[in-house]
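Listed below, chain by chain, are the residues.
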Amino acid sequence: MNSDHEIVRNILSGNPEAFAEIVHKYQEKVLRLCFSMVGPADAEDAAQEAFLKVYDSLSKFRGESSFSTWLYRVTSNHCLDILAKRKRQKEDSLEGIIEKSGERNFSDSSTGAASDKFADRETVVWVLERMPPEERAILVLREIEGLSYTELSQAMSISMDLVKVRLFRARKLFQKIAKKGM
Amino acid sequence: MDHESIKLKIYEFIDGELTPEEAGQAAKHLETCADCREEADSWKSAKAVFQSGFAVTPASDFSDRVMMKIRERENAAAKGWPSYISELFALPYWELMAAAASFFIVFSYFFVDQVREIGGNGESSIDFVYRSQESSLAQMALGGIDNEEAEGVPYE
């Protein structure tokens with residue numbers, strides 16, 4: 001199998017069909033990232049658009065990070081754009097007002113142990129949806145995609161110190177929202 | 001080191017991002033601090049859901065659909081659309097609106113400027129017409145011009 005760099009060179013030298021190899025290789029990762037960032041309803045469209053953005057931006061890939069880290073960067077930025085657009089649309093709508101006041105019970109028992117709060121994917125998705133986009137992105141990239149601190153720093157264009165602090169804040173916020181929802 | 005800073009290190013410990021020496025200190029702290037231990041256990045359970053609960057399977061034709069869109073773009077580019085036009089229509093809606101608004105403002109400025117030139121002395125063509133009519137009416141009132149002349153009928 002060709003390396004990512006070789007595939008990119010092949011595409012840029014006039015063989016767009018070689019991009020299919022990239023899509024095959026990364027479709028699951030990109031779709032999963034979109035799913036956890038923008039939710040199930042828009043995940044597939046977002047993933048397709050992200051791949052098109054990746055294709056359009058291939059000439060900007062300089063190889064300073066691994067191709068997968070760069071791909072995560074393009075995809076997460078695309079998801080952040082979608083979330084920003086969605087926020088603008090929601091702010092004035094009735095849905096936004098209802099959503100702000102809405103709360104949900106995570107379990108039938110309000111005396112459950114802390115670990116019970118994170119028992120299923122729906123709960124985690126529910127909490128993620130209530131987090132600010134930047135915090136959501138770093139948490140998803142770390143916990144679902146398993147990026148290291150160095151990769152997070154490259155994918156989000158922030159320093160290592162900021163990665164540590166933002167990740168810590170994101171986790172605290174995640175737990176706070178989870179507790180509030182109980 | 002305050003407790004929040006220690007907690008930050010505990011998360012780094014869970015992530016496996018500490019040096020062996022720092023990891024030893026973090027493990028030692030966890031043995032003695034119930035608060036940090038509870039938080040670490042809670043986060044480990046969340047981590048398990050993150051890692052196992054987000055398996056997604058792309059549709060079987062997912063990559064075909066992506067490639068179809070790419071082929072459509074490549075074909076459109078090959079048909080001779082200049083690349084800058086394709087790029088313009090690929091812009092987000094608000095950017096297109098901003099470009100259109102800028103064009104309208106610049107166009108309006110030059111259009112108004114041209115209209116003003118017609119009247120001369122900085123007055124618009126509309127001002128010029130009104131001034132002419134007012135002048136004619138004043139002459140009529142003073143008897144210096146008859147109705148026929150005012151209506152544009154020439155002298156015989």
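These numbers come from a predicted model, not from an experiment. (Residues numbered from 1 in each chain as written. Chains lettered and ligands numbered in written order. Predicted model: local features only at pLDDT ≥ 70, side-chain atom pairs only at ≥ 80, totals over all residues. Heavy atoms only, no water.)

S.K.: I keep staring at the interface of chain A and chain B and nothing clicks. Help me out?
M.R.: How big an interface is tends to be stated in terms of the accessible area lost upon association of its parts. Contact residues are listed per partner, giving 42 residues for chain A and 33 residues for chain B. Each partner contributes to the roughly 3,800 Å² buried at the junction of chain A and chain B, and carbon and sulfur atoms together form 63% of this total. Sorting the residues of chain A by area buried against chain B places Q48, E143 and F168 of chain A first, and these three jointly supply 17% of that buried surface. Here chain A is connected to chain B by eight salt bridges. A salt bridge links E39 of chain B to K172 of chain A; the shortest N-O distance between them is 2.9 Å. (Contact = heavy atoms within 4.5 Å. Buried area = accessible area lost by both parts, 1.4 Å probe. Salt bridge = Lys/Arg side-chain N within 4 Å of Asp/Glu carboxyl O.)

S.K.: What exactly am I supposed to notice about the pattern of salt bridges here?
M.R.: When their charged atoms lie close together, side chains carrying opposite charge are able to pair. One pass over the structure, following the stated rule, counts 22 salt bridges over all chains. For the salt bridge of E143 of chain A with R171 of chain A, the shortest nitrogen-to-oxygen distance reads 2.6 Å. Of the two residues, E143 of chain A is situated in helix α7 (residues 133-143) and R171 of chain A in helix α9 (residues 160-181); the sequence distance between them amounts to 28 residues. The same class applies to E143 of chain A and to R171 of chain A, which are both buried. Put simply, D15 of chain B and K47 of chain B hold a salt bridge, and the shortest N to O gap is 3.0 Å. Of the two residues, D15 of chain B sits in the loop between α1 (3-14) and α2 (20-32) while K47 of chain B sits in helix α3 (residues 34-52), which places them 32 residues apart along the sequence. (Helix = DSSP H or I, 4+ residues; strand = E, 2+ residues; numbered from the N terminus. Buried < 20%, exposed > 50% of the residue type's maximum accessible area, 1.4 Å probe, protein only.)

S.K.: Mind showing me how you'd approach α1 of chain B here?
M.R.: Given 3.6 residues per helical turn, the α-helix brings residues three or four places apart onto the same face. Taking 1.5 Å per residue, 12 residues should reach 16 Å; α1 of chain B reaches 16 Å between its end C-alpha atoms and fits that length. For α1 of chain B, every residue scored as buried is listed here: I6, K7, L8, I10, Y11, E12 and I14 of chain B. In the core, the buried residues of α1 of chain B are packed alongside α8 (149-156) and α9 of chain A together with α2 and α3 of chain B. Of the residues one or two after α1 of chain B, G16 of chain B is the one with positive phi, at around 70 degrees. (Expected span 1.5 Å × (residues − 1).)

S.K.: So what exactly am I meant to see when it comes to the confidence of the model for chain A here?
M.R.: Averaged over chain A, the pLDDT score is 85; the fraction of residues at 70 or greater is 83%. Here residues 103-116 of chain A scores under 50 on pLDDT; set against residues more than four positions off or in separate chains, the count is 21 contacts. (pLDDT = per-residue confidence, 0-100.)

S.K.: So what exactly am I meant to see when it comes to a nonpolar patch on the surface here?
M.R.: Residue and element names in this part refer to chain B. Taken together, the side chains of F103, F107, F111 and V112 present a nonpolar region at the surface, about 460 Å² in accessible area. The topology assignment puts V112 in helix α6 (residues 93-119). On the basis of relative accessibility, which here comes to 41%, the residue V112 falls in the partly exposed class. (Patch = residues over 30% accessible without salt bridge, like charges linked within 9 Å, V, L, I, M, F, W, Y side chains within 5 Å. Areas by Shrake-Rupley, 256 points an atom, 1.4 Å probe, with all protein chains shown as cover.)

S.K.: Honestly, the packing of helix α2 (residues 19-38) of chain A against α7 of chain A in this entry has me stumped. Any pointers?
M.R.: Any two packed helices are characterised by how steeply their axes cross, that is the angle between the axes, and by the distance between the axes. Residues and elements named next belong to chain A. Following both chains from N to C, one finds α2 and α7 inclined at 145 degrees, their axes separated by 10 Å at the closest point. The way α2 lies across α7 gives a crossing that is right-handed. Two secondary-structure elements touch here, α2 through L33, S36 and M37 and α7 through R136, A137, V140 and L141. Residue classes in the contact of α2 with α7 are distributed as five nonpolar, one polar and one charged. (Axes fitted to C-alpha atoms, helices over the stretch in contact; angles between N-to-C directions. Left-handed = near helix turned anticlockwise from the far one by under 90°. Nonpolar A, V, L, I, M, F, W, Y, C, P; charged D, E, K, R; others polar.)

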